[in-house]
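Single-letter residue listing:
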Amino acid sequence: MTPEHVPIGDFRFLYGPQVIAGVGSAEKLGALVSGPALFVTDAQLLSLGLADGSLEALRQDGRHVVVFDAVEADPSRETLERAVACGREAGVEAVVGFGGGSPMDVAKLAAYLLGSGDDLDDIWGVGRAMGTALPLILVPTTAGTGSEATPVSIITLAGGEKRGVSAAALIGRYAVLDPALTIGLPRHVTAATGMDAMVHAIEAFTSLHLKNPISDMLAVQALKLLSVNLLHACDAPGDLHARSAMLLGSHLAGVAFANAPVAGIHALAYPLGGTFHVPHGLSNVLMLPHVLRHNLSAAMPLYAALGDIVNPALSGQGEQGRAAGLIEALDTMARASGLPGRLRDVGVTSADLPQLAWDAMLQDRLLKNNPCLIEYRDALRLYEEAL
């Protein structure tokens, strides 16, 4: 069968927000917003002055801007509800999410809840948020989460449980990709968020459900951009070319996994964030090689194709060698970036592993996308290998 006659199959694809990219683009938000706006961010970004240009642009012509800067890592339901109350009291007509994944996740749900009037408990899960959100502009300050591209928001509930809302109504109207905002990132943040984006691309490309040729194309291009530029962005943090490539790669991976959802790596990473407050990108890095090896028998042809992308020197090897080479290349890259490599490095002990494995089993919406079945005993073994 010739390549042009290979059946593609039926699929649906949801494109993301309108993209506005370039140095200084975050200082032109005034043209994107009319009326009072809720500006969702975190206190550290404000203290660093990263939001100054965006806030000045929004306040042009006397526009009222309400700043909510209380977003923490792994944002809680209480934080989200406070942001919504702040916006409702001010009568805002638009929402801006400025920062990493946490501020953007809060901004997405705040824009939806303010616009729709829905109750949060009625929309958990996939496709249940059917109302209309306020206009939403998302401005990432890290190149990793891809949250500006996705219809998903993750909130941490009591006890550390992470729960999500996934619906087209959460997609922003604009994604503003300004590489200048990522220049000051510490090396470990650049590394962890960049590796997070690579995990998004890999899991989208190998997702058991909703895999499609458009997501595949975006995932491959994302992985090219990210793998070539990650270590250079760490070593030369002021290089705007590398920063631009990382930010675009992160966004493309976000659009890919918004349509072909992530899987086992994320499922096992979430409990590390919820219980030990390990940053999400680092949680993914810690579980990455172990879950990939678990999946190797089922996903070998796909991993082999990605191996050529991450390390072109693998192209002359057989399928098994290229697939194994992908895992080795990613692990080598993570170590070269300076990220910790073991769960014990972030405070996890062997006594914690059974509960982590049970918590991972709660992530059914992710586990069902994994190329290989992951049951409790598998999760426990994978955490043991990662310890």
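Now for a description of the structure that goes with this document.

**Regarding the pattern of salt bridges**
- All told, the structure shown has 11 salt bridges when counted by the stated rule.
- Put simply, D235 and R187 hold a salt bridge, and the shortest N to O gap is 2.8 Å. Here R187 lies in helix α5 (residues 187–206) and D235 lies in helix α6 (residues 213–235), a separation of 48 residues in the sequence.
- Given a relative accessible area of 34%, R187 falls into the partly exposed group.
- Measuring nitrogen to oxygen at the nearest pair gives 2.8 Å for the salt bridge that ties E375 to R377.
- The partly exposed category is assigned to E375, whose relative accessible area is 29%.
- Take R377: its relative accessible area is 58%, and that puts it in the exposed class.

**As for the packing of α5 against helix α7 (residues 240–259)**
- With their axes 8 Å apart at the nearest point, α5 and α7 run at an angle of 35 degrees to one another. Between α5 and α7 lies a crossing whose hand is left-handed. Of α7, the residues touching α5 (which contributes T190, G194, A197, H200, A201 and A204) are R243, M246, S250, A253, A256 and F257.
- Residues belonging to the contact of α5 with α7 are distributed by class as follows: seven nonpolar, four polar and one charged.

**Re the sheet that holds strand β2 (residues 37–40)**
- The parallel open sheet is built from six strands, whose spatial order is β1-β9-β6-β4-β2-β3. Of all the strands in the sheet, the pair left with one neighbour each is β1 (18–21) and β3 (65–68). Geometrically, the sheet is characterised by an average inter-axis angle of 20 degrees between neighbouring strands, direction not taken into account.
- Relative to strand β6 (residues 136–140), strand β4 (residues 94–99) runs parallel, the two sharing five bridges. Among the inter-strand pairings, G99 is bridged to a residue of β6, identified as P140.
- Against the sheet, helix α3 (residues 77–90) touches β2 and β3, its axis set at about 165 degrees to β3.

About the cut-offs
- Residues numbered from 1 in each chain as written.
- Predicted model: local features only at pLDDT ≥ 70, side-chain atom pairs only at ≥ 80, totals over all residues.
- Heavy atoms only, no water.
- Salt bridge = Lys/Arg side-chain N within 4 Å of Asp/Glu carboxyl O.
- Helix = DSSP H or I, 4+ residues; strand = E, 2+ residues; numbered from the N terminus.
- Buried < 20%, exposed > 50% of the residue type's maximum accessible area, 1.4 Å probe, protein only.
- Axes fitted to C-alpha atoms, helices over the stretch in contact; angles between N-to-C directions.
- Left-handed = near helix turned anticlockwise from the far one by under 90°.
- Contact = heavy atoms within 4.5 Å.
- Nonpolar A, V, L, I, M, F, W, Y, C, P; charged D, E, K, R; others polar.
- Pairing = 2+ DSSP bridges.

Coordinates in, geometry out; function isn't part of it.
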